[in-house]
Amino acid sequence: MFNGSAGGGAEDLPQLQSTMRAIELACSYIQINTNPAAAEATILSLHQSPQPYKACRFILENSQVASARFQAAAAIKEAAIREWSFLSTEDKGGLISFCLGYVIQHANSSDAYVFSKVSSVAAQLMKRGWLEFTPAEKEVFFYQINQAILGSRGLDVQFIGIHFLESLVSEFSPSTSSAMSLPREFHENCRKSLEQNYLKTFYSWAQDAALSVTNKIVESNSDVPEVKVCNAALRLMHQILNWEFRYSKGGTKGSINVFSDGMRSDTASSRKTECVIVQPGASWCDVLLSSSHVGWLINLYSSLRQKFAFEGYWLDCPVAVSARKLIVQLCSLAGEVFPSNNAQMREQHLLLLLSGVLPWIDPPDVISKEIEEGRSGSEMIDGCRALLSIATVTTAVDFDRLLRSIRPFGTLTLLSLLMGEVVKVLLANSNDKETWSYEARDILLDTWTTLLASMDGSGGNAWLPPEGMHAAASLFSLIAESELKLASASATTDEDDADCLASVSAMDERLGSYALIARAAVDATVPFLTKLFSDRVARLHQGRGTVDPTETLEEVYSLLLIIGHVLADEGEGETALVPDALQTHFVDVVEAGNHPVVLLSSSIVKFAEQCLDANMRSSIFSPRLMEAVIWFLARWSFTYLMLVEDCNLGSNQLQSLPSRACLFTFFNEHNQGKFVLDIIVRISLTSLMSYPGEKDLQELTCHQLLHALVRRRNICFHLLSLDSWRNLANAFANDKSLFLLNGVSQRSLAQTLVLSAYGMRSSDASNQYVKDLMAHMTSSLVDLANNSDLKNLAQQPDIIMLVSCVLERLRGAASATEPRTQRAIYEMGLSVMNPVLRLLEVYKHESAVIYLLLKFVVDWVDGQISYLEAHETAGVVNFCMSLLQIYSSHNIGKISLSLSSTLLNEAKTEKYKDLRALLQLLSHLCSKDMVDFSSDSIETQSTNISQVVFFGLHIITPLITLELLKYPKLCFDYFSLISHMLEVYPETLAQLNSDAFNHVLTTVDFGLHQQDVDIVTMCLRALKALASYHYKETKAGNTGLGSHASGQTDPNGVFHEGILSRFLLTLLQFLLFEDYSTDLVSTAADALFPLILCEPNLYQGLGNELIEKQGNPNFKTRLANALQVLTTSNQLSSSLDRLNYQRFRKNLNNFLIEVRGFLKTK
């Protein structure tokens, strides 16, 4: 529609004016929402026009409509990036110069978003040509910028110059750079060049700009224009320090040598507050440390702070916020910027910053009171951030020592006082969730965590000074008391379930930090917790029957959570260790019964045991309190119960400590361990039997507590000797009340009981235990399936519930498969094969039951397939094929289009879950060829797994619609299986009939056009496997894919081209004309290379056709050369080896950079 590339002259003026009016009209239509589609089409046509630069310049220079000028700038950027490869050097430089000149010329414009856009376009174009421009050409641009920043052309131009550098730095930073359809290597090279050669210069320019206006700002009694320049300069300096420095001056990727005596790389990943460590390298020492830069910044902020002390708004004005951000950022300066062996410079730097920050946070009570009276809390919060930054780059000892040179106490004491004041404010404003104190608390907790986390696993708090230990103890006491007050108050407030769950989750995060503070002073905090717990328990007993215990129960609930975190770490997925701090202290303890940790643990176990009494349960042990009891016992038992030698030892130097021996022997199998284990099992059974309908409690019991017991093998040996465990197993098999547990609990309980079979002395005994345990489940399913009146009987609600319960239990048992019990679980599944198929037919309209049936089979096959002998494998495979055929033949997956939208969505979700389970089943069958523990040799394997899986795919693929593939998990599982099959079994694919073959490859073609990069990558890998298989086979004289590749004529005489020809065309079309992530180029190259080798004539023909379509002779020549270079340069040969794949990737990257711009131009 628009063409702005015509030659100059008056004859172009009417066309340019017409274009401008059309864009202005389109922009106005969009603003008033009149015919927006047509308006958007008009603007899009400008963006997509070839070389629209003249029209865009005209609009920028003449239009009075700001949004039209904005669109013109955007069009320049899109066109230039698209057409960059065939623009002349003069044109490229001219576009950048125009944009820079425009923003400088219109520096005083009121349409800030327009000049911001033009500035951004200049930065993007400069980056696009960064690796092409010579240093002299870059200097021309930067001289212009430097002159602007110097301020000789006025404050507005000075601001524009700084703003442009902000845009440029943002464009070169990976996290904020614009997409340019270029390989990642290009962006990395640009980043490296800017970091090494320009970033420090930009910082110095920003420093100079700020210095040039500082005096005017400090001397003025009101807001002056210089403030805008100063704020922009401070913002730019902060942005540069926020850069992720990677390269030293020598050009090697950053092997950053952080100072070993202070800087740590172990800062907690779980903290909420972001803290970027600034590590710019040794070359930055002069600009950051030797130039009094930090002192100037501190003095600037202090002067302005004092000047505007009575102006409440000032703390939140932009220049104040920017100055504080920069100060906080400088607090995290680390690495080689400090000369080696000069720890004094680092300490002086941090002390200078801390001295400047102290007035923001000290004295805490005075500042807190001022904030509560209306002062902004932003400065206090930034002060907390500064402490976190300092903590991130120092050890606890160095951190504490900083303040001692100017105050009579250490920094840890200040941190404790500050945190204590924040906790008091939180307690006073517990109903207001938006106060400054919440943010301050999170930051200060992150500070404590950063300081203490590394010590918690390396010898306790041996390195924490005594005053720091006292500060930690005082703070923890205040925290614990505050949490108890909040818990007590919560007893009389109404919270909905969602709020309650959110608060529990948030509390769990806080408790991890509280635990570290407590462990920093365990000599005081553990006895303190023991006293708190004993007092609350005594209060419960004293007021039993006469006083409402709700508030005290809430306090006990909160205490159990706090103590659980202090005594033990979460052991999910790993072996839980007794925290070193609890092992190294209490060195005077010689009797196990007197160890403070033992006393605290024993008091809680003794309290929990009281829930076995029915009267106590009814008066004290509410379901909510029982949840805390079960949670504590699960966490505690996995850390302390029946520890074995060489387990949970922690640091080596701890093993000889007598106090440690006391702690580790008290709950072992020769002392109180078995007695406590029996109590825990009885409590578990009570929580399952005596609290019907309490879903959360039952899930905690089954999934956390009981599962924690069987995770350690030595405990399993003792479990099976307990009457209480036998009672639990008997209740599982026979007690109807346990059939009322929800599905997750049924599955988890069955899994736990089967895993406990490891405690049997022999494999035969373990298998017999599992058989006896599951016999009732399998027999009930077999009896039901054999019932002559099954169709009517199966529809009864109680029978549906029974079947669902049994299937969940069978699934749980199947998921517990181990070599020791594999035979029993195999026979369990074998006995219910026919009932499963029968029930699949009967319950074809009960989607929930169908899903449970499928998931049981999936989990059972997953656990069994790698152990099965040849004849057993054949039986399981036949069973799976029968299941697939029944599912398909009964049209179980069919969705009626007559359903309402809500029911239709529910039906799609149900079908999605079924099909995903079936795909998982096929994937598990595939694993037989990967992992096989059977005794049969490969030659005796009678089942061709690949043929079976392709057959299964042929059955279920018709049920997978395009709508269902919109479910990400189903889509991923499907293409993952397809990709795996084509990569591992291309020869089996070649043997499929035409319909089945085309069905699979049509799916791959669909996957290539998905938005998900992972899906496209898997399809490209599949194409690579197919093409390389065919090429290697035909080169060896074999048929490869045969007629599937060569093409064939159908019965109507119509010739259908081969699959490789089709995909070569599709892939070229994809690479040249479609939008995609540059991350796909390498994978696409690996697929394209063998496709070209398989179809060289077609590639040549497609190339010629593409060349002929080019109307511009220059483009014809460039495209012809590029196509030739693609397959010949870089010493590329026709061998499909790793080196050639690497060469072709490089060739394709260069080819796309060369031709995509003009091929995509309309």
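This is a predicted model, so every value here is computed, not measured.

Let's shift gears to the overall build of the protein chain. In terms of regular secondary structure, the protein chain is built from 53 helices and two strands. Classification of the 1162 residues of the protein chain by burial places 55% in the buried group. Sequence-distant contacts, at least 24 apart, represent 77% of the contacts inside the protein chain between residues at least 6 apart. For the protein chain, the exposed area adds up to about 49100 Å²; of that, 51% sits on carbon and sulfur atoms.

What follows deals with the pattern of salt bridges. Applying the stated criterion to the full structure yields 45 salt bridges. We note a salt bridge from Asp1079 to Arg184, for which the minimum N-O separation is 2.5 Å. With Asp1079 in the loop between α49 (1059-1073) and α50 (1081-1094) and Arg184 in helix α9 (residues 184-197), this pair connects stretches of sequence that are 895 residues apart. Residue Asp1079 is classed as partly exposed on the basis of its relative accessible area of 42%.

Below, the discussion takes up helix α40 (residues 847-864). If you check α40, its first and last C-alpha atoms are 26 Å apart, about what 18 residues at 1.5 Å a residue would give, namely 26 Å. Counting buried positions along α40 yields 14 of 18 residues, so the element is predominantly enclosed.

The subject of this paragraph is the packing of helix α24 (residues 550-567) against helix α26 (residues 596-609). It is the contact of α24 with α26, at a shortest axis distance of 12 Å, that shows an interaxial angle of 140 degrees. Classified by the angle between their axes, α24 and α26 sit oblique to one another. Considering only the axes of α24 and α26, their crossing is left-handed. Between α24, through Val556, Leu560, Ile563 and Leu567, and α26, the contact on the second element is made entirely by Val597, Leu600, Ser601, Ile604 and Phe607. Grouping the amino acids of the contact of α24 with α26 by side-chain chemistry returns eight nonpolar, one polar and no charged.

Before going further, it helps to examine the packing of aromatic side chains. The geometry of two aromatic rings is summed up by the distance between their centres and the angle between their planes. One pass over the structure, following the stated rule, counts 31 aromatic pairs. Note on Trp130 and Phe172: the rings are 4.9 Å apart at their centroids and 75 degrees apart in plane angle, and the pair reads as edge-to-face. Residue Trp130 is located in the loop between α6 (112-128) and α7 (135-150), and its partner Phe172 is located in helix α8 (residues 155-172); the two are separated by 42 residues in the primary sequence. You can call Trp130 buried: its relative accessible area is 0%. Members of the aromatic cluster, joined through ring pairs, are Trp130, Phe142, Phe172, Tyr198, Phe202 and Trp205. If you follow Arg713 out to its NZ or CZ, it ends over the ring of Tyr758, 4.0 Å from the centre.

As for its placement among the helices and strands, Ala1087 is situated in helix α50. Between the C-alpha atom of Ala1087 and that of Leu1067, which follows or precedes it by 20 residues, the distance is 8.5 Å. Filtering out sequence-adjacent residues up to four positions away, Ala1087 remains in contact with Leu1020, Leu1023, Lys1024 and Leu1067.

Looking at the element boundaries, Glu379 is found in helix α17 (residues 378-392). With 64 residues separating them along the chain, Glu379 and Leu315 place their C-alpha atoms 6.7 Å apart. Beyond its immediate sequence surroundings of up to four residues, Glu379 is in contact with Tyr301, Arg305, Leu315, Arg324 and Trp360. A polar contact of 2.7 Å, which involves the side chain of Glu379, links it to the side chain of Arg305.

Before going further, it helps to spend a moment on the packing of helix α46 (residues 994-1008) against α49. Two elements in contact, α46 and α49, have axes separated by 11 Å at closest approach and are oriented at 5 degrees. Overall, the two elements α46 and α49 adopt an arrangement that is roughly parallel. Listed contacts from α49 to Phe997, Asn998, Leu1001, Val1004, Asp1005 and Leu1008 of α46 are Ile1059, Arg1062, Phe1063, Thr1066 and Phe1070. Per-class residue counts for the contact of α46 with α49 are seven nonpolar, two polar and two charged.

Another aspect to go through is the nonpolar core. Core analysis: the biggest nonpolar cluster contains 408 residues, and Phe202 and Trp725 have the highest contact counts within it. Not counting residues up to four positions away in its chain, the partners in contact with Phe202 are Phe142, Leu165, Leu168, Val169, Leu194, Leu236 and Ile240.

Mapped onto the fold, Arg128 is located in helix α6. Its relative accessible area of 7% is what places Arg128 among the buried residues. Discounting residues that sit within four places of it in the chain, Arg128 has contacts with Ile81, Trp84, Met180, Leu182, Phe186 and Ile1153.

Before going further, it helps to spend a moment on the confidence of the model for the protein chain. Across the protein chain, pLDDT averages 86, with 89% of residues at or above 70. Of all secondary-structure elements in the protein chain, the lowest mean pLDDT belongs to strand β2 (residues 1055-1056), at 62, while α17 reaches the highest, 96. Per-residue pLDDT stays below 50 along residues 4-10; that stretch engages in 13 contacts with residues further than four places along the chain or on separate chains. In the predicted structure, residues 249-269 sits below a pLDDT of 50 and forms 50 contacts with residues beyond four places in sequence or in another chain.

Below, the discussion takes up unusual backbone geometry. The phi torsion of most residues other than glycine is negative, and most of the peptide bonds are trans. Of the consecutive residues Asp362 and Pro363, the connecting peptide bond is found in the cis state with omega at 0 degrees. For Pro363, the position within the fold is in the loop between α15 (343-361) and α16 (364-372). A positive phi is found at Asn1130, a non-glycine position, where the angle reads about 65 degrees. Locating Asn1130 in the fold gives a position in the loop between α52 (1113-1128) and α53 (1138-1160). Take Asn1130: its relative accessible area is 34%, and that puts it in the partly exposed class.

Tracing the backbone shows Asp862 in helix α40. Residue Asp862 is classed as partly exposed on the basis of its relative accessible area, which comes to 39%. In the structure, Asp862 is positioned 61 residues away from Ser923 in sequence and 8.8 Å away in space, judged by C-alpha atoms.

Next up on the list: the side chain of Lys92. Mapped onto the fold, Lys92 is located in helix α5 (residues 89-105). A distance of 3.4 Å separates a polar side-chain atom of Lys92 from the backbone oxygen of Trp84. Sequence-distant contacts of Lys92, that is, excluding residues within four places in its chain, are made with Trp84, Leu87, Glu132 and Phe133.

Rules used throughout
- Residues numbered from 1 in each chain as written.
- Predicted model: local features only at pLDDT ≥ 70, side-chain atom pairs only at ≥ 80, totals over all residues.
- Heavy atoms only, no water.
- Helix = DSSP H or I, 4+ residues; strand = E, 2+ residues; numbered from the N terminus.
- Buried < 20%, exposed > 50% of the residue type's maximum accessible area, 1.4 Å probe, protein only.
- Contact = heavy atoms within 4.5 Å.
- Areas by Shrake-Rupley, 256 points an atom, 1.4 Å probe, with all protein chains shown as cover.
- Salt bridge = Lys/Arg side-chain N within 4 Å of Asp/Glu carboxyl O.
- Expected span 1.5 Å × (residues − 1).
- Axes fitted to C-alpha atoms, helices over the stretch in contact; angles between N-to-C directions.
- Parallel < 35°, antiparallel > 145°, perpendicular 65-115°, else oblique.
- Left-handed = near helix turned anticlockwise from the far one by under 90°.
- Nonpolar A, V, L, I, M, F, W, Y, C, P; charged D, E, K, R; others polar.
- Phe/Tyr/Trp six-rings, centres within 6.5 Å; stacked < 30°, edge-to-face > 60°.
- Lys NZ or Arg CZ within 6 Å of the ring centre and 35° of its normal.
- Polar contact = N/O pair within 3.5 Å; in protein donor to acceptor, adjacent residues only side chain to side chain.
- Core = buried A, V, L, I, M, F, W, Y, C linked by side-chain atoms within 4.5 Å.
- pLDDT = per-residue confidence, 0-100.

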